[in-house]
Amino acid sequence: MTELCTELGYVSINKRGEQLCGDRVRMAPGDDNAILVLADGLGSGVKANILSTLTSTILCTMLEAGLSIEDSIDTIIRTLPVCKTRGVAYSTFCVVRVTGNHMAEMIQFDCPPAIVLRGGRRYDYPVSTRTVEGKQISESRFEVESGDVFITMSDGAPYAGIGTAFNHGWERDNIVDFAEANYFERATAQYVAANIVDECNRLYGYEPGDDTTVAVLRVRTRQPVSLMIGPPADRAQDAAVMARFFSEKGEKIVCGGTTSALAAKYLNKPLVPTIDYFDPEVPPISHIEGVDLVTEGVITMARVLEIAGRFLKGEDLEADWMTGHDGASQVARMLIERATDINFFVGRAINPAHQNPDLPINFGIKLKLIETLADCLTKMGKRIKVSYC
């Protein structure tokens, strides 16, 4: 496993009046390889949705199966129908593949040229062209560096604001300037995508004239985080489980009163509670020397799940959780902004307090909460491992 890894994210908005998006993104994250495919179907609505789905699915599936980019592109180029009226393909696409977490390959067909930021500034990547079945495609291949950000987009992005804010739309150079101005080192792939789509939506006057999608791949250094919630079902395993947890690399989060007490006992350090309610709905955090963050359990994690769900949809980019001091905000920042690899340790012990029928919490809810949160984080491109104890 290399020091570098990739992070993926995308956000779409539909053309006004349309129920389906004519753009489609397929992502295939892996330990050392990642694939991002953005397809843009001609027009909008159902037909565009079907064609972009077909294109992105075929490309991503073939590449995942180990076929070369050349074979995959040749197949899709020969398969795509051509609009008889306009004389153009029914779907355009951009493929970004990073192999071994060090080499990037990009294939672009009739789409807005992808943007690459290196160190927060535009990077002029090499481009060559070739013709397949009478269609010209652009190819790029270069080594990646930590911090590289690949920004792909559908036609809706450069068309934003055409005839209103701009004579010729939000041209690529304008988008590059915006991406550079809004770059910061901790910005996730999802944040970058949502920020650009939000600006497109604003330029459209919040009535998009076309389906608009931005998909982003970010190269970064691995940052593992381990989170434990709930004590083991077998109390005789307390010390062994704690030993496994604290042997993991990276930052540590401990959630829940009983779990925190076990961690403090294992580390032979005092558990120091606080009474600071930065958010009246989120219980205060505590402190244990040797643990990066100590919080309450289910209530806090339910708020973290709520934050993660909104973030995955590209909502609340400037929300309080990005600067908040309450436990849920701090957990969210560690999992969403900082972590690349997340290990969940989920204790199966049943908390007697949760068996009170007057309380809306039970063991099943805790497990479901963690499973749903893990699914959200996986969709953000995080590498997730859930261990039950």
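Residues numbered from 1 in each chain as written. Predicted model: local features only at pLDDT ≥ 70, side-chain atom pairs only at ≥ 80, totals over all residues. Heavy atoms only, no water.

Draft legend 1. Structural context of the packing of helix α1 (residues 45-64) against helix α2 (residues 69-79). Look at α1 against α2: their axes get within 9 Å of each other, and the N-to-C directions meet at 155°. Relative to α2, the element α1 is oriented roughly antiparallel. Crossing handedness for the pair α1 and α2: right-handed. Note on element contacts: α2 touches α1 through I69, D71, S72, I73, T75 and I76, opposite T55, I58, L59, M62 and L63. (Axes fitted to C-alpha atoms, helices over the stretch in contact; angles between N-to-C directions. Helix = DSSP H or I, 4+ residues; strand = E, 2+ residues; numbered from the N terminus. Parallel < 35°, antiparallel > 145°, perpendicular 65-115°, else oblique. Left-handed = near helix turned anticlockwise from the far one by under 90°. Contact = heavy atoms within 4.5 Å.)

Draft legend 2. Representation of helix α4 (residues 189-203) in the model. In this model, α4 (15 residues) spans 22 Å end to end at C-alpha, consistent with the 21 Å of a helix rising 1.5 Å per residue. Burial analysis of α4 places 13 of its 15 residues in the buried class, which makes it a mostly covered element. Just downstream of α4, G205 is the residue with a positive phi angle, here 70°. (Expected span 1.5 Å × (residues − 1). Buried < 20%, exposed > 50% of the residue type's maximum accessible area, 1.4 Å probe, protein only.)

Draft legend 3. Region of interest: the packing of aromatic side chains. Under the defined criterion, the tally for this structure stands at 10 aromatic pairs. With 5.4 Å between their ring centres and 85° between their planes, F245 and F345 make a pair best called edge-to-face. Pair noted here: F245 is in helix α5 (residues 238-247) and F345 is in strand β17 (residues 341-346), with a separation of 100 residues, a long-range link. Each of the two residues, F245 as well as F345, counts as buried. Taking 5.7 Å as the distance between ring centres and 5° as the angle between the ring planes, the aromatic pair formed by F246 and Y266 counts as stacked. Of this pair, F246 sits in helix α5 while Y266 sits in helix α6 (residues 257-267), and the two are 20 residues apart along the sequence. The buried category is assigned to F246, whose relative accessible area is 19%. (Phe/Tyr/Trp six-rings, centres within 6.5 Å; stacked < 30°, edge-to-face > 60°.)

Draft legend 4. View of the nonpolar core. By size, the foremost hydrophobic cluster in this structure holds 62 residues, and its most contacted members are I151, M301 and L335. Looking at which element gives the most residues to this core, the answer is α4, with 9 residues. Formed by 21 residues, the second largest nonpolar core is a distinct cluster that contains A34, L36, V98 and C111. (Core = buried A, V, L, I, M, F, W, Y, C linked by side-chain atoms within 4.5 Å.)

Draft legend 5. Region of the structure containing the pattern of salt bridges. Within the structure shown, the criterion is met by 22 salt bridges. Across the salt bridge formed by E7 and R218, the nearest N and O atoms sit 3.0 Å from each other. Pair noted here: E7 is in strand β1 (residues 4-13) and R218 is in strand β11 (residues 212-221), with a separation of 211 residues, a long-range link. By the burial criterion, E7 is buried, and R218 matches it. As a salt-bridge pair, R235 and D238 come within 3.0 Å of each other at their nearest N and O atoms. (Salt bridge = Lys/Arg side-chain N within 4 Å of Asp/Glu carboxyl O.)

Draft legend 6. Region of the structure containing the pairing of β17. Among the 6 residues that make up β17, 6 are buried, leaving the element largely enclosed by the rest of the structure. Across 6 bridges, strand β12 (residues 224-229) lies against β17 in parallel orientation. The residue bridging V225 from the neighbouring strand is I342, located in β17. As paired strands, β17 and strand β18 (residues 383-388) are joined by 6 bridges and run parallel to one another. Bridging from a neighbouring strand, F345 pairs with S387 of β18. (Pairing = 2+ DSSP bridges.)

Draft legend 7. Just the state of the cysteines, in detail. Tallying each qualifying case throughout the model produces 0 disulfides. For the unlinked cysteine C60, the closest cysteine sulfur is that of C94, found at 13 Å. Sulfur of C255: no disulfide; nearest cysteine sulfur belongs to C389 and is 13 Å away. (Disulfide = S-S within 2.5 Å.)

Draft legend 8. Highlighting the environment of P283. When you line up the elements, P283 lands in the loop between β14 (272-273) and β15 (286-287). Residue P283 is classed as buried on the basis of its relative accessible area, which comes to 17%. Sequence separation of P283 and G100 is 183 residues, and the distance between their C-alpha atoms is 42 Å. The contact partners of P283, leaving out residues within four places of it in the chain, are Y277, E296, I299 and T300.

Function cannot be inferred from these measures alone, as they are strictly geometric.
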